[in-house]
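Residue-level structural notes
So you can see what is in the structure, the chains are spelled out below.
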Amino acid sequence: MRFCRRSGHEATGGNLAAMEAKMDVAPGFLAALAALVLGFAADARAETALPAGEIPESFADLADQLSPAVVNVTTTTTVAGVGDDMRPVIPPGSPFEDFFRDFMDREQNAPRREQRSSALGSGFIISPDGYIVTNNHVIDAADEISVELYHGGNLDAQVVGRDTRTDIALLKVESKEPLPFVKFGDSDHVRVGDWVLAIGNPLGQGFSVSAGIVSARNRTLQGSYDDFIQTDAAINRGNSGGPLFDMHGGVIGVNTAILSPNGGSIGIGFAMSSAVVSRVVDQLRDFGETRRGWLGVRIQNVDKDMADAIGLKEARGAAVTDVPDGPAQKAGMKSGDVVLKFGDQDIKDTRELVRIVADTAVGKTVDVVVFRDGKEVTLKVEIGLLEDDATLASASPDNPQDTPPPASEQSVLGMTLSAVDDGLRQRFSLDKDARGLVVTALDASSDAFSKGVREGDLIAEVGQEPVATPDDMKKRVDAAEAAGRNSILLLVRRDGQPRFVALNLSN
């Protein structure tokens, strides 16, 4: 029997009666069977079909519409000539020693020739007057920047501003005619599995389009402000700075990085989300720099053991490990507080708090809810301006191997502890004002070791109270066990950097 797009009866015509006679079946049986089979097939197609528009038949119309706003970015950098450190080594006594020495002396006295190197990347126009977004690493250290337009022609570009934290740069070109441009889409509403389109200049081959889906969301590579969209759309070197589009033509990401063992696309590419990029671009355009909000605290995530240790019902929020001079200190925030809410937004973890604070207007006063001593406290914090971190370098004193061990030590929770004294300060390169207990040894099978505590760490607080002797810590542990707690919270410092560690009391 042969079926086609028409019904089974129409496909077989008058042959059904003859076939039924040969098969000795009731008249009309084959027609009913055909209708039943086709009905099941139609039902199956209805159940598995996606809504109209979900699977594009072609990306051609979208590519035609969007490509004119994408540009190739070419940079030129001046590189110094070869220096003395590149001169060949002439073995003493070589028969060519005099010849090479005369030759190299002439070369040394000759003027060095500067060399020019070029690099390629991508970008996209976001306004008819010529503002262009790209990656900062595409134009970093460039002396000259040129952009090639889709329909031909090159324009010189100037840097308006750059943000190294998100690897975003804003350029500006001058054009007699309005330029084609694209707009940012809403990356917060992008879902895993959505179709995306990448347009750029891979490997310097010119304008190119690739398609794929969103593979993952909210990826972090290395920065505090990272919010990468992962995609399997082909992204290669040269795509950096180019746009990642949704199916409505909105830019939902800036193609920035790939994960690859060989430098080519293996289907794991990353685009910084437009939720981050659009705010950075607005500030670069308005101020020539980014102006992020600053709370002035050091923080870490809250795990289940830490939540249990401080009496928090669930592991959430950002634990404050240190409060240096800044807005938070002026508002009364303390080490040991857990930030649960910032303004009207609940805080899940440190990454979320960092991003929310950074996006808050400088000078704005915000209600910050913290968990302290078993209850919630609301603080009013006036947000400051985040400045670039200053790098302070200081020489560490020698660590003599013959320093005698401290006279008084005690083992608590698998850690050998001693009160800070001058000998331990010198032995472990501790600050002169360091106070607390020094871990001089620890059991490799202990919970403390598994959670990263190491010899030389300084325990400043136990149970959110300062400790000066091993007995102080033993009393805090005994009190926590008597209160029925399963863990106890330690404030541990290493190289001056604080963090909380919650240790199980059952181990």
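**Thoughts on the overall build of the chain**
Scanning the chain from N- to C-terminus turns up 13 helices and 27 strands. For the chain, buried positions account for 41% of its 507 residues. In the chain, the proportion of contacts linking residues at least 24 apart, taken out of those at least 6 apart, comes to 61%. Surface summary for the chain: the accessible area is close to 28000 Å², and the carbon and sulfur share equals 49%.

**A closer look at the packing of aromatic side chains**
Evaluated as defined, the whole model comprises four aromatic pairs. Both rings, one in Phe228 and one in Phe270, keep their centres 6.3 Å apart while their planes meet at 75°; by these two values the pair is edge-to-face. Within this pair, whereas Phe228 is found in strand E9 (residues 228–231), its partner Phe270 is found in strand E12 (residues 269–273), the two being separated by 42 residues in sequence. Across this residue pair, the class does not change: Phe228 and Phe270 are buried.

**Structural notes on the nonpolar core**
Counting residues in hydrophobic clusters, the biggest one holds 24 residues, and the most contacted among them are Val133 and Phe245. At the level of secondary structure, the elements contributing two or more residues to this core comprise helix H4 (60–66), strand E3 (131–135), strand E6 (168–173), strand E7 (195–200), strand E11 (251–258), E12 and helix H7 (274–287). It is H7 that provides the largest number of residues to this core, a total of five residues. Residue contacts for Phe245: discarding those within four places in its chain leaves Leu66, Val70, Val182, Trp195, Val196, Leu197, Ile199, Gly250, Val251 and Ile252.

**Examining the sheet that holds E12**
One closed barrel accounts for six strands, arranged E7-E8-E9-E12-E11-E10; its pairing is antiparallel. Going across the sheet, the axis of each strand differs from the next one's by a mean of 45°, ignoring polarity. Relative to E12, E9 is paired through four bridges, and the arrangement is antiparallel. Within E12, the position partnered with Thr231 by the bridge is Gly269. Relative to the sheet, H7 contacts E11 and E12, its axis offset from that of E12 by approximately 50°.

**Observations regarding helix H13 (residues 470–482)**
In a regular helix each residue adds 1.5 Å, so 13 residues correspond to 18 Å; H13 covers 18 Å between its end C-alpha atoms and thus fits that length. Taken together, the buried positions of H13 are Pro470, Met473, Val477 and Ala480. Seen along its axis, H13 keeps its buried residues to an arc of 90°; they face one direction. Pointing more than 90 degrees away from the buried face of H13 are the exposed residues Lys475 and Ala482. Of the surrounding secondary structure, the elements contacted by the buried residues of H13 are strand E21 (410–412), strand E22 (415–419), strand E23 (437–442), strand E24 (458–462) and strand E26 (487–494). At the exit of H13 stands Gly484, carrying a positive phi of roughly 85°.

**Details of unusual backbone geometry**
Look at Leu413: it is not a glycine, yet its phi comes out positive at around 50°. Among the structural elements, Leu413 can be located in the loop between E21 and E22. Its relative accessible area of 21% is what places Leu413 among the partly exposed residues. The phi torsion at Gln464 lies on the positive side, around 65°, for a residue other than glycine. Considering the arrangement of structural elements, one finds Gln464 in the loop between E24 and strand E25 (465–466).

**Re the confidence of the model for the chain**
In regions of low pLDDT, the predicted coordinates are not meant to be interpreted in detail. Scored by pLDDT, the chain comes out at a mean of 80, with 77% of its residues at no less than 70. The spread of mean pLDDT over the elements of the chain runs between helix H1 (residues 8–12), the lowest at 39, and strand E10 (residues 243–245), the highest at 97. Confidence drops under pLDDT 50 across residues 389–407; counting only partners more than four residues distant or on other chains, this segment forms 16 contacts.

**Describing helix H10 (residues 350–358)**
Thr350, Leu353, Arg355, Ile356, Val357 and Ala358 are the residues of H10 that are buried. Where the residues of H10 are buried, they touch H7, strand E13 (293–294), strand E14 (298–301), strand E15 (318–322), strand E16 (338–342) and strand E17 (345–346).

**Description of the pattern of salt bridges**
Here the structure, examined in full by the defined rule, presents 18 salt bridges. With a shortest N-O distance of 3.4 Å, Asp140 and Arg162 are connected by a salt bridge. Of this pair, Asp140 sits in the loop between helix H6 (136–139) and strand E4 (144–148) while Arg162 sits in strand E5 (residues 154–163); the two residues are 22 residues apart in sequence, bridging distant segments of the chain. Arg162 sits in the partly exposed class, given a relative accessible area of 32%. Between Arg427 and Glu455 there is a salt bridge, with the nearest N and O atoms lying 3.6 Å from each other.

**Description of the environment of Ser210**
Here Ser210 is to be found in strand E8 (residues 208–219). Here Ser210 falls in the buried class, since its relative accessible area comes to 14%. Sequence spacing of Ser210 and Ile235 is 25 residues, and the spatial spacing of their C-alpha atoms is 7.8 Å. Separated by 2.8 Å, the side chain of Ser210 and the backbone oxygen of Ala234 make a polar contact.

Basis of the calculations
Residues numbered from 1 in each chain as written. Predicted model: local features only at pLDDT ≥ 70, side-chain atom pairs only at ≥ 80, totals over all residues. Heavy atoms only, no water. Helix = DSSP H or I, 4+ residues; strand = E, 2+ residues; numbered from the N terminus. Buried < 20%, exposed > 50% of the residue type's maximum accessible area, 1.4 Å probe, protein only. Contact = heavy atoms within 4.5 Å. Areas by Shrake-Rupley, 256 points an atom, 1.4 Å probe, with all protein chains shown as cover. Phe/Tyr/Trp six-rings, centres within 6.5 Å; stacked < 30°, edge-to-face > 60°. Core = buried A, V, L, I, M, F, W, Y, C linked by side-chain atoms within 4.5 Å. Pairing = 2+ DSSP bridges. Axes fitted to C-alpha atoms, helices over the stretch in contact; angles between N-to-C directions. Expected span 1.5 Å × (residues − 1). Arc of directions from axis to C-beta. pLDDT = per-residue confidence, 0-100. Salt bridge = Lys/Arg side-chain N within 4 Å of Asp/Glu carboxyl O. Polar contact = N/O pair within 3.5 Å; in protein donor to acceptor, adjacent residues only side chain to side chain.

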